[in-house]
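Survey of secondary and tertiary structure
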Amino acid sequence: MNKILKEKLIEALTSVLPITLIVLLLSVTIAPMPIGTMAMFLFGAVMLVIGMAFFQLGTDVSMTPMGEGIGAQLPRTKNLFVIVLITFVIGVLITIAEPDLQVLAEQVPSIPNAMLIWTVAIGVGLFFVVAVLRTVFKIRLSILLIVFYLVVLALSFFVPNEFVPVAFDSGGVTTGPITVPFIMALGVGLASIRGDRDAQDDSFGLVALCSIGPILAVLLLGIFYRDGDPHYTPVSVPEVDTTRQLAGLFVEGLPDYIHEVLTALIPIIVFCALFQLIFRRFHKIEMQKIGIGFVYTFAGLAIFLTGVNVGFMPAGHYLGQQLADSAHSWILLPLGVVIGFFLVIAEPAVHVLNRQVETITNGGISQRAMMLSLSIGVACSVGLAMMRVLTGISIYWMVIPGYAIALVLTIFVPKMFTGIAFDSGGVASGPMTTTFLLPFAMGACEALGGNVLTDAFGVVAMVAMTPLLTIQVLGLIYKHKQTEPDEDAQALPDEDEIIVLEEDETNG
């Protein structure tokens, strides 16, 4: 276990180091940062590394085997009502448990936190049912994606402008560090029971469909909910003068996030315990390992969230504000591209997705290729988000063409890549996006005097959209490489032709 933990620590350090160096470089060049804010950021970065390492170890030992076990067991019940009920309950529980959603709910205008969280949770629960039934009944993913996204786009025209970016953002934040490992593992378990040649392809796509549910649910909420005035809660950057004050901020914040993670994980643990009592899926030793894994997951996520919320969120807001206030506010565009390229590497759930893709494809799609495609996609998305902050351009001018191209590509790419691409869109928009990029965009928008509700919100949605394009392009490249040997084989003479040629040479 110590060797594995050491590997996870090195992997986490490699992930967090690039964005840390970028912020350090900016703070000593074009965006000077107070020593206290910089110290908070650096201490938060250390907590990110430790938290991510423990979290990844915990998900490997607990979330993944439990999800695969539940996924493999569900079809064996042969009772559709039981499958639907269990799936819906899982979807609601893991969404309420998602810390990213709590962060977004604190910043969303005019909607009570509990109302937004439950609206999103029910949306995920319903679409998780759709996703599982799709896998069981072998329905083509691209058809469902085209239908549901057309409904989303049509419905969005009847919603107040302030709700549209929030709705698309909610689709991104619900697929975070707790949701993704569990849902993806459950998809693998469901597919393993089928055993047909399309089973591997259908193991992806659950996260993709679960991301649509919150968008539709929040859009519907926007149509019927009219109470409250649109406003947002700006991020406050605390002043830190001494190391004691610095330590005090993290010590004060840690119990809150411990409570948040406990509140999130306990319902999932209780559900898993009930599942084990009813179905007896796991042996005693397996359950002990899963229990230890949940402890690692709890510790890692509590440390990670404390680091990003206390250390990264104020730094992101301050950095965005300073860059927008400078004489060269246009620099937000290229900097956004660079930050986006490296920030996605620090997302915990991204590594879970990449490992699963490499495993299921037997190395045909490497983790490195996945990470490069995701980094390019997120770099483009953050650049586009900064363009919105600078110009105030409507999110429709980016979302409609982006999703239209992505949906057209589903017709041409291999089925597996459709699922991987739309899953990756949700996975890329995790806690780093919510607690660093969103405050960064809000700080810049504030400084420029823009409308934070329509221009800054939507950055999570942009991060969730562009990987749909880059991963499917990767799928087209993969498809081309797969067909090359076939073309070479066709160019070679077959066995009968070889025999005839040999006879001609002998007779000659």
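Our subject is the structure listed above.
First, a word on scope: everything that follows refers to the structure included in this document. Along every chain, residues carry numbers that run from 1 in the direction the sequence is written. Local features in this predicted model are restricted to residues of pLDDT 70 or higher, and side-chain atom pairs are both shown and tallied only at a pLDDT of 80 or more, whereas totals for entire chains, interfaces and linings draw on every residue. To obtain the side-chain values, all non-hydrogen atoms of the structure were included, while hydrogens and water were left out.

1. Topic: empty space enclosed by the protein
- Residues are said to line a cavity or pocket when one of their atoms sits within 4 Å of a point; the points come from a 1 Å grid over protein atoms alone, cavities being sets where a 1.4 Å probe fits but cannot get out and pockets being open sets with protein on both sides within 12 Å along at least five of seven lines. Grid points are joined across faces, edges and corners, and a volume is the space filled by probe spheres set on the points. In total, this model carries three cavities of 30 Å³ or more according to the counting rule given.
- Taken as a whole, the largest cavity holds about 110 Å³ of empty space.
- If you trace the largest cavity, you find 14 residues lining it, with Tyr149, Gly171, Ser211, Tyr403 and Ala464 closest to the centre.
- Secondary structure follows DSSP: runs of H or I at least 4 residues long count as helices, runs of E at least 2 residues long count as strands, and numbering of each begins at the N terminus. Looking at the lining of the largest cavity, the elements that each hand over two or more residues are helix H7 (163-173), helix H10 (206-224), helix H17 (415-428) and helix H20 (459-491).
- Residues of the lining of the largest cavity, tallied by class, amount to nine nonpolar, five polar and no charged. In this classification, Asp, Glu, Lys and Arg are treated as charged, Ala, Val, Leu, Ile, Met, Phe, Trp, Tyr, Cys and Pro as nonpolar, and every other residue, Gly included, as polar.

2. Here we look at the side chain of threonine 95
- Mapped onto the elements of the fold, threonine 95 is located in helix H3 (residues 80-96).
- Burial classification: accessible surface area is computed with a 1.4 Å probe over protein chains only, and a residue below 20% of its type maximum counts as buried, one above 50% as exposed, and the rest as partly exposed. Judged by relative accessible area, which is 0%, threonine 95 ranks as buried.
- Not counting chain neighbours up to four residues away, the residues in contact with threonine 95 comprise Leu101, Val120, Ala121, Val124 and Thr174. By the convention used here, residues are in contact when the closest approach between their heavy atoms is within 4.5 Å.

3. Considerations on the environment of glycine 449
- Within the element layout of this structure, glycine 449 appears in the loop between helix H18 (431-448) and helix H19 (452-456).
- Residue glycine 449 is classed as exposed on the basis of its relative accessible area of 65%.
- Distance in space between the C-alpha atoms of glycine 449 and alanine 324 is 9.9 Å, their sequence separation being 125 residues.

4. Regarding the layout of surface pockets
- When its volume is computed, the second largest pocket comes out at roughly 210 Å³.
- Lining the second largest pocket are 14 residues, and of these Ala369, Ser373, Leu474, Ile477 and Tyr478 lie nearest its centre.
- With six residues, the top contributor of residues to the lining of the second largest pocket is H20.
- Residue composition of the lining of the second largest pocket, grouped by class: nine nonpolar, four polar and one charged.

5. Digging into the packing of aromatic side chains
- Between 30 and 60 degrees the pair is tilted, below 30 it is stacked and above 60 it is edge-to-face, where a pair is any two Phe, Tyr or Trp rings, Trp via its six-membered ring, whose centres lie within 6.5 Å. Taken as a whole, this structure holds 12 aromatic pairs when the rule is applied.
- Site record: aromatic cluster; members linked through ring pairs are Phe41, Phe312, Phe436 and Phe440.

6. As for the packing of H3 against helix H5 (residues 113-137)
- It is the contact of H3 with H5, at a shortest axis distance of 7 Å, that shows an interaxial angle of 140°. On the basis of their axis angle, the class for H3 and H5 is oblique. Between H3 and H5 lies a crossing whose hand is right-handed.
- When its residues are assigned to classes, the contact of H3 with H5 shows 19 nonpolar, four polar and no charged. Only the contacting stretch of a helix is used when fitting its axis, a line to C-alpha atoms as for every element, and angles between N-to-C directions run 0 to 180 degrees. When describing relative orientation, an angle under 35 degrees is termed roughly parallel and one over 145 degrees roughly antiparallel, while 65 to 115 degrees is termed roughly perpendicular and anything else oblique. In this scheme the crossing of two helices becomes right-handed for a clockwise turn of the near helix relative to the far one and left-handed for an anticlockwise turn of less than a right angle.

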